[in-house]
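Below, each chain spelled out in residue letters.
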Amino acid sequence: MSTPQDNRLAWLALYMIPGLGNAVLKRLIETFGDPETVFGVGTTELMGIEGMRRDIAQKIAHRALDTEAEGEIRKAEQCNARILVYTDPSYPPLLKEIYNPPMVLYVRGKEVPLQKTLVSVVGSRNPTHYGRKAAEKIALGLAKRGAGVVSGLARGIDAAAHSGCLMGNGFTIGVLGTGIDVVYPESNRVLFGRMEENGAILSEFPTGTHPEPKNFPIRNRIISGLSKGTVVVEATRNSGSLITASLALEQCREVFAVPGSIDSFKSTGSHFLIKQGAKLIENADDILAEFGLFGRAGAGKSVPTNPDGTPRDMNEFERKLFEIVGDYPVHMDDIARQANMDAGNVAAILMKMELEGIVRQLPGRLFVR
């Protein structure tokens, strides 16, 4: 850790003062240089800072929260978290560019790679199978291309994006709307552990902060702020993902959207973004091409592969069924009808393809790739 213990104490003692937001704290640091200097400044001089309130200036002058800051450092250490401050050399440079960057971050896991291209992938907490698969596929593609994935470690699209990135041995970052020591939702505990081992988990909230609705829109600016672009996979018009997309635009970052079915309510927000000028994307190469990392975006349907990654040869009947089964669920009877094949034979072939991981069966005899 590059921030000394005593410096962390001063940062936290300042950061934890109620009512002192990131924007005013940033002005204090830009004016006086560091927290220790800020604490040595008189109330009158502090009142010269734009946005400063007298009651907050008095708390700064009296250095009222040193004891609480010491306790916070101990709590962070107990959950294997470290304190990353705005002036630390390892603070993500893209995040510094936003209007109100978090002046203190709690970090678990590895250091955030400063040179890696990061892309945020966000969407519904209750996605369709199509949405979940699209998020996973895009994140996997980004990881294989050397890019990292940022999301909010929520259920649904967030979890699928993190998982897809890990499947591609990529670096993924989860930004919490809780304290760094609070796993939410509980169903993501295993994923949380995998990310702490292979990626990073960030929070600007003090330890012990429980999930509250107001916290999640606040943390969204960090998700978009860390990233060169934000991908909305599946979202309604009222989704918090559109808040993240709006923040990305304010931060002068790219916004992408994955199209869904015109009959799907869950894609109304994604389609709204496309109508407003968000770039329609189908895969990771579509995203990275916008950053000039590829001459041309990739295209085409996914091809089944062997465990070693080589293309898998399919016989005539398997190829026929593979072409019928797409990203949207198709009933087995409809597959048999379109293939003009006996239902029993279709069931046997689909079972073999499912065992090999080429297709997946959903409840109700529905199949998807």
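See the structure printed just above.
Predicted, not measured: the structure shown is a model, and the values here were computed from it.

Cut-offs and rules
- Residues numbered from 1 in each chain as written.
- Predicted model: local features only at pLDDT ≥ 70, side-chain atom pairs only at ≥ 80, totals over all residues.
- Heavy atoms only, no water.
- Phe/Tyr/Trp six-rings, centres within 6.5 Å; stacked < 30°, edge-to-face > 60°.
- Helix = DSSP H or I, 4+ residues; strand = E, 2+ residues; numbered from the N terminus.
- Buried < 20%, exposed > 50% of the residue type's maximum accessible area, 1.4 Å probe, protein only.
- Lys NZ or Arg CZ within 6 Å of the ring centre and 35° of its normal.
- Axes fitted to C-alpha atoms, helices over the stretch in contact; angles between N-to-C directions.
- Parallel < 35°, antiparallel > 145°, perpendicular 65-115°, else oblique.
- Left-handed = near helix turned anticlockwise from the far one by under 90°.
- Contact = heavy atoms within 4.5 Å.
- 1 Å grid on protein atoms, 1.4 Å probe; cavity = no way out; pocket = protein on both sides within 12 Å on 5 of 7 lines; lining within 4 Å.
- Points joined across faces, edges and corners; volume = space filled by probe spheres on them.
- Nonpolar A, V, L, I, M, F, W, Y, C, P; charged D, E, K, R; others polar.
- Pairing = 2+ DSSP bridges.

## Some details on the packing of aromatic side chains
Aromatic ring pairs: the centre-centre distance and the angle between the two ring planes describe each pair.
Thinking step 1. According to the stated counting rule, one finds 3 aromatic pairs in the structure shown.
Thinking step 2. Look at Tyr184 and Phe216: their rings are 6.1 Å apart centre to centre, the planes differ by 40°, and that puts the pair in the tilted class. With Tyr184 in the loop between strand 5 (172–175) and helix 10 (189–198) and Phe216 in helix 11 (residues 215–225), the pair connects residues that are 32 residues apart, well separated along the chain.
Thinking step 3. Taking the relative accessible area as the measure of exposure, Tyr184 reaches 39% and is therefore partly exposed.
Thinking step 4. The class for Phe216 is buried, based on a relative accessible area of 15%.
Thinking step 5. Taking the ring centre of Phe39 as reference, the NZ or CZ of Arg63 above it sits at 4.4 Å.

## A few points about the packing of helix 9 (residues 157–167) against helix 10
Thinking step 1. Interaxial distance between helix 9 and helix 10 falls to 11 Å at its minimum, and their mutual angle equals 45°. With respect to helix 10, the element helix 9 is oriented oblique. Of the two elements, helix 9 crosses helix 10, and the hand of that crossing is left-handed. Judged by residue contacts, Ala159, His162, Ser163 and Leu166 of helix 9 engage Leu191, Arg194, Met195 and Asn198 from helix 10.

## Structural notes on the layout of surface pockets
Thinking step 1. Taken as a whole, the second largest pocket encloses approximately 320 Å³ of empty space.
Thinking step 2. As for the second largest pocket, its lining consists of 22 residues, of which Arg125, Ala154, Phe216, Arg219 and Gly240 are closest to the centre.
Thinking step 3. Listed by contribution, the elements that provide at least two residues to the lining of the second largest pocket are helix 11 and helix 12 (240–250).
Thinking step 4. Considering only residue class, the lining of the second largest pocket consists of 9 nonpolar, 8 polar and 5 charged.

## Focus on the sheet that holds strand 5
Thinking step 1. Spatial strand order, 1-2-6-5-4-3-7-8-9: 9 strands in an open sheet with mixed pairing. Only two strands of the sheet have a single partner each, and these edge strands are strand 1 (82–85) and strand 9 (279–280).
Thinking step 2. Bridge analysis of strand 3 (residues 118–122) against strand 4 (residues 148–151) gives 3 bridges, and the strand direction is parallel. By the bridge assignment, Ser120 is partnered in strand 4 with Val150.

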